[in-house]
Amino acid sequence: METVLTNISFGGTQGVYTHQSTSTGTEMTFAVFVPPQAATQKCPVVWYLSGLTCSHANVMDKGEYRRKAAELGLIIVCPDTSPRGEDVANDESWQMGQGAGFYVDATEKPWAAHFQMYSYVTKELPALIAENFPADMTHQGIFGHSMGGHGALTIALKNANTFKSCSAFAPITNPSTADWSKGALGSYLGADESAWADYDAVRLIESGARFPEVLVDQGAADNFFEGCNPHALQEACAGTDIALTLRLQEGYDHSYFFISTFMDDHLIWHAERLTN
C-alpha cells in the first residue's frame, strides 16, 4: 500500500492510498478517513460505495462526512467503483466498464479478467484495511449511493454476519429490471438471468436473504426514481422480518446535494448500531 496524500480534517486524517490488487489485477485507489479517537483505540468501520461514473473522490470531496464521522469515531472507507487502466475493458456507455463495476464478480469476457469488484470489496480490501489501519473489523457497516446503494444492499444481505448496519441513498433496488443496469448485468454475468439474482437486492430478499434493518433515503424529485424503484424494495421487505425505513425526501434529486444533506443521519444510524 502506498500513500498518495493525507490531510488533517476535524482532528482526524483523510488519506488516499493505492495498492496492487490481486482481485482485479490492477492498481486500485481508495480513500480512508480515520477519526481522532483512533489515536487511542480501534474504531468501527463504515464502507461507502459510490455510484456510476464516480470514484473514491466524489464522496470525499462532496459528501461532507468528516465532521460527523470525527464526532462519532467512525472510520470511513471509500473504494473505487471499478478497476481502471489501459488494459482494462471499457465501454462507450457510462453504464458499463470503467467507473461502472456494479460490485459484481464478472464471469463473461472481456470483463472477467479484471471486474471482480465483489471479491475486492468484501475480501481483499477489508484485509488491507485491517492490516494497515486502527479498524475494529468486528463492527462494520456499509452504505452507498445509486449503483453503490445497490452494492451496499446486496453485500449486506449476503454477508449479514459481517455487517451490523446498512443504509443507502437512492439505491438501484431491482437492477435486473432497471434500464440503466440490466444491460450491465447481462454483459458482466451472461444472458442467463438466474445468475443476476445474486446481485439484485429485491431478488435476494425474495429468495430468503435477510438483514435486520435498513435505512433508505430516496429523493422524490430524482430523475432516476423509476430506475431506483424504492417501492420494489418496500414490497419485497413487506411480510419479512427486515425492518425497512424508507424516507422519500420531497424536492431532492440524485445529486450530492441530496447525499450531503442526509449524510449525518446515515452516519448516526450506523454509529448507533456499531457502538452500542
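Residues numbered from 1 in each chain as written. Predicted model: local features only at pLDDT ≥ 70, side-chain atom pairs only at ≥ 80, totals over all residues. Heavy atoms only, no water.

Asks: Just to check I follow, could you spell out the confidence of the model for the protein for this structure?
Replies: Fine structural detail should not be taken from predicted coordinates in areas where pLDDT scores are low. For the protein, per-residue confidence averages 98 on the pLDDT scale, and 100% of positions sit at 70 or higher. Strand 5 (residues 75-79) holds the highest mean pLDDT among the elements of the protein, 99, whereas helix 5 (residues 182-189) holds the lowest, 96. (pLDDT = per-residue confidence, 0-100. Helix = DSSP H or I, 4+ residues; strand = E, 2+ residues; numbered from the N terminus.)

Asks: What's the story with the pattern of salt bridges in this structure? I'm lost.
Replies: Pairs can form between side chains of opposite charge once their charged atoms are near each other. Scanning the model with the defined rule gives 9 salt bridges in all. Here Arg247 ties to Asp217 by a salt bridge, and the two come within 2.8 Å at their closest N and O atoms. Residue Arg247 is found in strand 9 (residues 243-249), and its partner Asp217 is found in strand 8 (residues 213-219); the two are separated by 30 residues along the sequence. Take Arg247: its relative accessible area is 27%, and that puts it in the partly exposed class. For Asp265, the salt bridge is made with Arg247, and the minimal N-O distance between the two is 2.9 Å. Taken together, the positions of Asp265 in helix 9 (residues 256-274) and Arg247 in strand 9 put the pair 18 residues apart, joining distant regions of the chain. For Asp265, a relative accessible area of 33% gives the class partly exposed. (Salt bridge = Lys/Arg side-chain N within 4 Å of Asp/Glu carboxyl O. Buried < 20%, exposed > 50% of the residue type's maximum accessible area, 1.4 Å probe, protein only.)

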